[in-house]
Amino acid sequence: PAGPRLPATAELRARAAAALRRCGADLDAVTASTGETLPARTPLTGGTLAELAATTPEQIDAAVAEAHRTFRQWRTVPAPRRGALVKRLGALLTAHQEDLADLVTIEAGKIRSEALGEVQEMIDICDFAVGLSRQLYGRTIAGERPGHRLSESWHPLGVVGVLSAFNFPVAVWSWNTAIALVCGDPVVWKPSELTPLTALACDALLARAAADTGAPAGVHRLLLGARDCGERLVDDPRVALVSATGSVRMGREVAPRVAARFGRCLLELGGNNAAVVTPSADLDLTVRGVVFSAAGTAGQRCTTLRRLIVHEDVAEPLLARTVRAYQQLPLGDPFDPATLVGPLIGPAAGTAMTEALAAAQRAGGKLLTGGERCLADEAPDAAYLRPAIVRMPEQTEIVRTETFAPILYVLTYRTFDEALALHNDVPQGLSSSIFTRDQREAERFLAADGSDCGIANVNIGTSGAEIGGAFGGEKETGGGRESGSDAWRAYMRRATNTVNHSADLPLAQGVSFL
Ligand code: UN1
């Protein structure tokens, strides 16, 4: 049943403008009626919130030039002082958590607690980066020559170009930006064209943090535009690292362009994440883990659970309970605290979901629940669809394809080796889980011949990683790692240093000369 009515576009526009104003951005000032414009829309109604001035090619070049100029200065600022900028940013994000969450809900359609959680990720990564600013450790290496010291140092790399996606419109920017800034790298950001308002708010907060801490304004530049805007950034030889989050299709274009100019790339592309459920799994915990991972964020996380590989002995009870849980998921206005499933990002995503469900059924799949469009009368330009579960006879082409919508494909297995083979037999390699109480199975899943993903979990779903670990995946996911652990190394260049403090000149490898 439909909940309370959806908010009107005008109401959402006013709420977005107020949140932006509190963050220090003026919606009217960035609104344009002439020249190239970019619409800011809301998936809650499908309505247009504003027409924004798109960044022109000349402005893109100027932004990169400014960031590059700033780099020459920023790289010499001691890292802990760079950390002071990020510390201030973290404080401003904390003060404006509600405002940013409002914008995330309005532009990306996330439910309240997930929008707040996304901003929490930003605050957390700032904390992490501040600590990191005193820990950009190199190492001292045992060298082979007497009177010599062999070591390595890490230096700032250069301008970082960040391309981010609509589904984590602010967290992914913050993972890159907080780390890049303490590493000594200015950032030029091209957010998804679907979420320009959240980007304006972040840009304004970072500008304020820079002003408050005496950092140069050129440490951050925001570009608003569509694909051509991103292409110009990607092709600019002054951009040392391109950190791109998005589709495999996008990665296939970005990677060779950056490689052609010997730039560095950090790719976070598609996922097709699976959970293996074994006979010993704790079913209560598994159902909750599966439902959050598969239906949470309306299936629009790159870590969303898309494949359930369940032992045939537990398939019936697990599916019965999961289907029941799905049918009770409240869907509708993401601002309503009772709602757990908000809208898809737009009508095209709804169509993709419907088409994938049709393809799955043509391939012999049985739709167990979901897929219906809701609130179509009230919001004809929005896409509210019920999360779906489809039982598949085998891992067909559609199952091996990432559809960015809440569809959970279910496959059954008999032997554990069969489960692992099914698990790894997809082109993507981001996140994975096993639900089991059998230690052998759990350890095997995490071993070299287990899950081939960048993230492998036990008794927890595939989504919702903490910022402290390195985030990313293998195969078509692109191989990049960002966020915590030692992901910072991608944002710096390594110099190996040999210092001779003796009066002799012994050559390595015992070579004699002169
Ligand atoms: C994404 O979907 O692009 O692990 C990022 C998670 C979040 C990040 C997802 N912390 O689900």
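Residues numbered from 1 in each chain as written. Predicted model: local features only at pLDDT ≥ 70, side-chain atom pairs only at ≥ 80, totals over all residues. Heavy atoms only, no water.

Visitor: Sorry, what's going on with the pattern of salt bridges here?
Guide: Pairs can form between side chains of opposite charge whenever their charged atoms are close. In total, this model carries 32 salt bridges according to the counting rule given. The salt bridge partner of Glu66 is Arg221, with a shortest N-O separation of 3.8 Å. With Glu66 in helix α3 (residues 57-74) and Arg221 in strand β7 (residues 220-222), this pair connects stretches of sequence that are 155 residues apart. Take Arg221: its relative accessible area is 27%, and that puts it in the partly exposed class. Between Glu152 and Arg494 there is a salt bridge, with the nearest N and O atoms lying 3.3 Å from each other. Taken as a pair, Glu152 in strand β4 (residues 148-156) and Arg494 in strand β23 (residues 492-500) lie far apart in primary sequence, 342 residues in all. The buried category is assigned to Glu152, whose relative accessible area is 11%. Judged by its relative accessible area of 44%, Arg494 falls in the partly exposed class. The network of salt bridges with shared partners includes Arg227, Glu231, Asp235, Arg249, Glu253 and Arg257. (Salt bridge = Lys/Arg side-chain N within 4 Å of Asp/Glu carboxyl O. Helix = DSSP H or I, 4+ residues; strand = E, 2+ residues; numbered from the N terminus. Buried < 20%, exposed > 50% of the residue type's maximum accessible area, 1.4 Å probe, protein only.)

Visitor: Even after reading the chapter, I still don't get the sheet that holds strand β6 (residues 187-190), so can you show me in this structure?
Guide: The parallel open sheet is built from five strands, whose spatial order is β7-β6-β5-β8-β9. At either end of the open sheet lies a strand with only one pairing partner, and these are β7 and β9 (264-268). The sheet shows a mean angle of 15 degrees between the axes of neighbouring strands, taken without regard to direction. As paired strands, strand β5 (residues 159-163) and strand β8 (residues 239-245) are joined by five bridges and run parallel to one another. If you follow Gly161 over to β8, its bridge partner there is Val242. Of the strands in this sheet, β5, β6, β7 and β8 touch helix α7 (residues 171-182), which is tilted by about 170 degrees from β6. (Pairing = 2+ DSSP bridges. Axes fitted to C-alpha atoms, helices over the stretch in contact; angles between N-to-C directions. Contact = heavy atoms within 4.5 Å.)

Visitor: Explain the pairing of β8 here, please?
Guide: Regular strands show a simple pattern: their side chains alternate between the two faces of the sheet. Within β8, six of the seven residues are buried, which leaves the element mostly enclosed by the surrounding structure. Inspection of the sheet shows β8 paired to β9 by five bridges, in the parallel sense. Across the sheet, residue Thr245 finds its bridge partner in β9, namely Glu268.

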